[in-house]
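What the coordinates show
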Amino acid sequence: QQRLSGARIALFCDFSFEDLEVTYPQKRLEEEGAHVSIVGNHAAGTKYTGKFGYPVPCGINIRDASPDEFDALVIPGGFSPD
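Inspection of the secondary structure assignment puts L29 in helix α1 (residues 19-31). Judged by its relative accessible area of 17%, L29 is buried. Along the backbone, L29 and I9 are 20 residues apart, and their C-alpha atoms lie at a distance of 8.2 Å. Not counting residues up to four positions away in its chain, the partners in contact with L29 are L4, I9, A34, V36 and V74.

Moving on, we come to the nonpolar core. Counting residues in hydrophobic clusters, the biggest one holds 13 residues, and the most contacted among them are I9, C13, F17 and V22. Counting only elements with at least two residues in this core, the list comes to β1 (8-12), α1 and β2 (35-40).

Quick look at the environment of G6 now. One can find G6 in the segment before β1. C-alpha of G6 to C-alpha of H35: the two residues are 29 residues apart in sequence and 6.7 Å apart in space. Once you skip the residues sitting within four places of it in the chain, G6 turns out to touch G33 and D71.

So, how was this worked out
Residues numbered from 1 in each chain as written. Predicted model: local features only at pLDDT ≥ 70, side-chain atom pairs only at ≥ 80, totals over all residues. Heavy atoms only, no water. Helix = DSSP H or I, 4+ residues; strand = E, 2+ residues; numbered from the N terminus. Buried < 20%, exposed > 50% of the residue type's maximum accessible area, 1.4 Å probe, protein only. Contact = heavy atoms within 4.5 Å. Core = buried A, V, L, I, M, F, W, Y, C linked by side-chain atoms within 4.5 Å.

Below, the structure is given as structure tokens:
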């Protein structure tokens, strides 16, 4: 049973993110059935690179995202929240 089936989660990301603080929550949320969108300050398709080189593509620019589209927000650590 997927406990988050149908949930829409925004995961903020930018360059120099803490790799495990993005990838681990993303994978766990998806395993539980959530749809995770990587939201950033750059154009969709921009490839963000974590502190240890893990790439994550931006799915939607924050200017194009609406709070009404999401059920939750994840803000990972690293330099991106700064």
